[in-house]
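# Topology and contacts: notes
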Amino acid sequence: VLGRMYVEERAHESDRIKNLSTEMFATYQARMKSIDCKPLKAMYRNDEIKCQKVIFAAAEILDDMIAREGIMY
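Residues numbered from 1 in each chain as written. Predicted model: local features only at pLDDT ≥ 70, side-chain atom pairs only at ≥ 80, totals over all residues. Heavy atoms only, no water.

## Some words on the overall build of the protein chain
Each helix and strand in the protein chain was counted, giving 4 helices and 0 strands. Reading the protein chain from its N terminus to its C terminus gives the helix and strand order α-α-α-α. Across its three principal axes, the protein chain shows a C-alpha extent of roughly 40 × 25 × 20 Å. The burial tally for the protein chain puts 23% of its 73 residues in the buried class. Within the protein chain, contacts between residues at least 6 apart in sequence are counted, and of these 44% link residues at least 24 apart. Summed over all atoms, the accessible surface of the protein chain reaches about 5,600 Å², with 54% contributed by carbon and sulfur. (Helix = DSSP H or I, 4+ residues; strand = E, 2+ residues; numbered from the N terminus. Buried < 20%, exposed > 50% of the residue type's maximum accessible area, 1.4 Å probe, protein only. Contact = heavy atoms within 4.5 Å. Areas by Shrake-Rupley, 256 points an atom, 1.4 Å probe, with all protein chains shown as cover.)

## A word on the pattern of salt bridges
In the structure shown here, the tally under the stated rule is 5 salt bridges. In this structure, the salt-bridge partner of Arg 68 is Glu 23, at a minimum N-O distance of 2.5 Å. Of this pair, Arg 68 sits in helix α4 (residues 52-69) while Glu 23 sits in helix α2 (residues 15-32), and the two are 45 residues apart along the sequence. For Arg 68, a relative accessible area of 47% gives the class partly exposed. (Salt bridge = Lys/Arg side-chain N within 4 Å of Asp/Glu carboxyl O.)

## Details of the nonpolar core
Among the nonpolar cores identified, the biggest contains 15 residues, and Leu 2, Met 24, Tyr 28, Met 32, Leu 40, Val 54 and Met 65 are the most heavily contacted of them. Elements supplying a minimum of two residues to this core: α1 (2-6), α2, α3 (37-44) and α4. The contacts of Met 24, once residues within four sequence positions are left out, are Leu 2, Ala 58, Ile 61, Leu 62 and Met 65. (Core = buried A, V, L, I, M, F, W, Y, C linked by side-chain atoms within 4.5 Å.)

## Thoughts on the environment of Tyr 28
In this fold, Tyr 28 is placed in helix α2. Through-space distance from the C-alpha of Tyr 28 to that of Ala 58 is 6.6 Å; in sequence the pair is 30 residues apart. Polar contacts involving the side chain of Tyr 28 include one to the main-chain carbonyl oxygen of Val 54, which spans 3.0 Å. (Polar contact = N/O pair within 3.5 Å; in protein donor to acceptor, adjacent residues only side chain to side chain.)

In structure tokens:
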């Protein structure tokens, strides 16, 4: 999503996308205690909701960042 919003040609040439990506991963790590699937599944997955909490956390962080950046969707 960030790439579609902020990259015109090459993501690796954009400081903005690098900074936003780094921020997103750091925020997710702080909130969920990992960014890797195996530990996330061990901490948050159950048979009823599967991995919804893991996915929703990423969506909430992304939504907050987009709102802060002033992008309307």
